[in-house]
Amino acid sequence: MSTLAPFANEPVLELRRANVRAQLQDAMTRLAPALPLRVPVMVGGDERAGAELLSTDPGDPERVVAIATRATERDVADAVQEAERGLRNWRTVGAADRAAALFRAAAWLRERRLEIAALEVRECAKPWPEADADVCEAIDFLEYYARGAVELEAGPSLLQVPGERNDMRYAPRGVTAVISPWNFPLAIPCGMTAGALATGNAVVLKPAEQSPGCALMLVRALRAGGVPASAISLLPGEGDVGAALVAHPRVHTIAFTGSLPVGLEINRAAGVVAPGQNHIKRVVSELGGKNCVIVHSDADLDEAVPGIVASAFVYAGQKCSAAARVLVHEAIAEQLVERVAGAVRVLVVGQADQLGTDVPPVIERAAQERVDRYAALAESEGRVAARVDGVPDRGWFCPPTVATDLPPDSAVLNEEIFGPLLAIDRAAGVEEACDVVDGLPYALTGGLFARDPAIVRYVRQRTPVGNLYVNRGITGAMVGRQPFGGNRLSGTGSKAGGPDYLLQFVEPRVVTENTMRHGLVV
Ligand SMILES: NC(=O)c1ccc[n+]([C@@H]2O[C@H](COP(=O)([O-])OP(=O)(O)OC[C@H]3O[C@@H](n4cnc5c(N)ncnc54)[C@H](O)[C@@H]3O)[C@@H](O)[C@H]2O)c1
């Protein structure tokens, strides 16, 4: 470990520089003739074609970005078998050598960061700053977990007494199924995969059906870095492919990031022990949220308004950490609603590849319909304080909307919407606001704008959320700085990008040896 430089976050691009912006446009121009990408099923070194799954540009649904092969049940079975084979070798490679492969994969991504960001812009309508940040986060996960695995390999020191030698080591759990969402199309699958690989597990990756092209880049990076093909297979497909992996009796760990209903189904299915299965599967689940920002009466609104608006509307509210509900002190509620509404009315809704865009389209038609449904409900149950009119009609655009005066039991206030719709709600004080947060089933991120240190202490101590942000926006967790993940129904994981993460992929083993020899046995 002494030869490794300490971990540092990959710097994001300086998009204010004209030459950097020109490089991005060049990368997009270079990407165009490569589309649509072909994404095969990759079972070890074997690449398989078959029935197709199209991923399209949310801003221009006629544009096909990737044509993936839909994995079959046979592919799932073969990939798990290949992973078992790959595991036998990969687990014996020392952590330092596995780390070296992950560092080389990070370097591969770094070299191609512009092209990969361009692909994210096309495949998931990530605006440039978000796409760039996603590539940087993927690099961070590789660099961070590689270092963490080297440290973990040494094992903790145990109490030693004369006559015995005690030794504790962490062994890889086995075949790991990684099932990922589309909203961080490189970083999230990369983080879960890197955590498993760094600790010596073999991975079968089932990426989101909306972003197989980005997942292909991850697998290419890992293999180019030296991860054996048998230790990382790729199974594009829809939920049925994920479900088949979860049910497979020889999968040991399931690392899932996605919605609550799917997470609950996975936890249920993983609890079934099939005949001949001699282990209990571990499910690491990072799930949804209904993230609240509390605004106290003494808050600096010049800080709170841009913080709230960015947290709610960047990437069209499609971050798991996005602000969905504001709980504002009633003394300043009118003022805050007016100012947030004013800031939202001037948001620029447009294509992700335009640098001036604040709010891109949502991922797919079903998402657009869902957000529209909640917006209509907000209008009928409460009051719409702001809505951006005239959004483009081609692509899955939703008008950014601010709703208020909703009844406490409104679905708009309580369910995850995952789109550009922010609800503002009043509270008599911080205590009442904390009661509301406490009453929600989710506990992922939260925010507080307040000046009084006693109020800050009170909320810090009471909030159940996994990540609380004070006097700043509530998105943009950085690896190593803000280990990320939720509590309650927001997840069972222990903080992606944090010091405990790797422990989920290993099992501790203790060996105690009697060192009091009673004669030599030949
Ligand atoms: N907590 C976090 O860190 C975090 C991060 C990002 C996204 N999310 C959450 O993810 C959701 C958005 O992502 P999404 O729409 O891709 O989620 P999703 O749950 O619909 O899908 C996630 C993945 O699960 C697969 N899947 C679907 N049904 C399955 C089944 N029965 N068995 C196994 N796999 C199945 C999908 O194909 C996809 O690959 C939101 O709820 C968001 O809050 C959470």
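Along each chain, residues carry numbers from 1 onward, in the same order as the chain's sequence is written. Thresholds applied to this predicted model are a pLDDT of at least 70 for local features of residues and 80 or more for the giving and counting of side-chain atom pairs; totals over whole chains, interfaces and linings are not thresholded and use all residues. Remark: hydrogens and water are excluded; side-chain values derive from all non-hydrogen atoms of the structure.

Once that is clear, we can look at the packing of aromatic side chains. When the centres of two rings from Phe, Tyr and Trp lie within 6.5 Å, Trp using its six-membered ring, the rings pair. Their planes under 30 degrees apart give stacked, over 60 give edge-to-face, and anything left gives tilted. Within the structure shown, the criterion is met by seven aromatic pairs. Geometrically, the ring pair formed by Phe 141 and Tyr 145 is stacked, given 5.5 Å between the ring centres and 15° between the ring planes. With Phe 141 and Tyr 145 both in helix α5 (residues 128-153), this residue pair falls four residues apart, about one helical turn. Classification of Phe 141 as buried rests on a relative accessible area of 5%. With a centroid separation of 5.9 Å and an interplanar angle of 75°, the aromatic rings of Trp 182 and Phe 418 are classed as edge-to-face. Residue Trp 182 is found in the loop between β7 (175-179) and α6 (187-198), and its partner Phe 418 is found in the loop between α13 (411-414) and β16 (421-427); the two are separated by 236 residues along the sequence. For the residue pair Trp 182 and Phe 418, the accessibility class agrees, reading buried in each case. Each member of the aromatic cluster is reached from another via a ring pair, and the members are Phe 7, Phe 141, Tyr 144, Tyr 145, Tyr 501 and Phe 505. Positioned above the aromatic ring of Tyr 315, the side-chain terminus of Lys 126 is 4.4 Å from the ring centre. Helix and strand definitions here come from DSSP, where helices need a minimum of 4 consecutive H or I residues and strands a minimum of 2 consecutive E residues; each element is numbered from the N-terminal end. Each residue gets one of three labels from its accessible area relative to the maximum for its type: buried under 20%, exposed over 50%, partly exposed in between, using a 1.4 Å probe on protein chains only. Lysine and arginine charges are scored as sitting over a ring when NZ or CZ, respectively, is within 6 Å of the ring centre and within 35 degrees of the ring normal.

With that settled, the discussion passes to the pairing of strand β11 (residues 282-286). Burial of β11 is extensive: four of the five residues sit out of reach of the surface. Note: strand β10 (residues 253-257) against β11, five bridges, orientation parallel. Within β11, the residue paired with Thr 253 across the bridge is Arg 282. A right-handed crossover is one whose linking path, passing over the helix from the first strand to the second, runs clockwise when the strands point away from the viewer. A crossover links β10 with its parallel partner β11, the connecting element being helix α9 (residues 260-270), and its sense is right-handed. Two strands make a pair as long as DSSP finds a minimum of two bridges between them.

Take the packing of α5 against α6 next. Axis geometry follows a simple rule: fit a line to the C-alpha atoms, using only the stretch in contact for helices, then measure angles between N-to-C directions, giving values from 0 to 180 degrees. Where α5 meets α6, the closest approach of the two axes is 9 Å, and the angle between their N-to-C directions is 15°. By the criterion of interaxial angle, the relationship of α5 to α6 is roughly parallel. The handedness of the crossing between α5 and α6 comes out as right-handed. Listed contacts from α6 to Asp 134, Glu 137, Ala 138, Phe 141, Leu 142, Tyr 145, Ala 146 and Ala 149 of α5 are Ala 187, Cys 190, Gly 191, Ala 194, Gly 195 and Ala 198. When grouped by side-chain class, the residues that make up the contact of α5 with α6 number ten nonpolar, two polar and two charged. When an angle is under 35 degrees it counts as roughly parallel; over 145 it counts as roughly antiparallel; between 65 and 115 it counts as roughly perpendicular; any other value is oblique. In this scheme the crossing of two helices becomes right-handed for a clockwise turn of the near helix relative to the far one and left-handed for an anticlockwise turn of less than a right angle. By definition, residues are in contact when any of their heavy atoms lie within 4.5 Å. All residues other than Ala, Val, Leu, Ile, Met, Phe, Trp, Tyr, Cys, Pro, Asp, Glu, Lys and Arg, Gly among them, are scored as polar; the first ten of these are nonpolar and the last four charged.

Here we take up the environment of Leu 35. By the secondary structure assignment, Leu 35 is in the loop between α1 (18-31) and β1 (37-39). We classify Leu 35 as buried; its relative accessible area is 16%. Remark: the alpha-carbon pair of Leu 35 and Arg 63, spanning 28 residues in sequence, is separated by 9.0 Å. Among residues more than four places away in sequence, those in contact with Leu 35 are Val 64, Val 65, Leu 119 and Arg 122.

On to the site of the ligand. Close to the ligand lie 29 residues, the nearest being Lys 206, Glu 209, Ser 259, Leu 287 and Glu 416. Whenever a nitrogen or oxygen atom comes within 3.5 Å of another N or O atom, the pair is scored as a polar contact, on the condition that within protein one atom can donate a hydrogen and the other can accept it, and that pairs from neighbouring residues in sequence are kept only if both atoms are in side chains. Taking Ser 180, its main chain carries an N or O atom lying 2.8 Å from an oxygen atom of the ligand. Within the backbone of Ala 243, one N or O atom sits 3.4 Å away from a nitrogen atom of the ligand. Here the Shrake-Rupley method, with its probe set to 1.4 Å, supplies the accessible areas, and only the displayed protein chains count as covering residues. Relative to its unbound accessible area of 850 Å², the ligand is 87% covered by the protein chains. Mapped onto the shell around the ligand, the elements with two or more residues apiece are α8 (239-247), β10 and α9. The residue inventory of the shell around the ligand, partitioned by class, reads 15 nonpolar, eight polar and six charged. Only a single heavy atom is needed: when it lies within 4 Å of a molecule or strand, its residue is near that molecule or strand.

Here we take up the sheet that holds strand β18 (residues 445-449). An order of β14-β15-β16-β13-β12-β18-β19 is seen for the seven strands of this open sheet, with the pairing classed as mixed. Edge positions in the sheet fall to β14 (383-387) and β19 (467-470), since each has one partner strand and no second. Sheet twist, expressed as the mean angle between neighbouring strand axes with direction ignored, is 20°. Here four bridges tie strand β15 (residues 401-404) to β16, and the two strands are oriented parallel to one another. Pairing of Thr 404 across the sheet is with Ile 424, part of β16.

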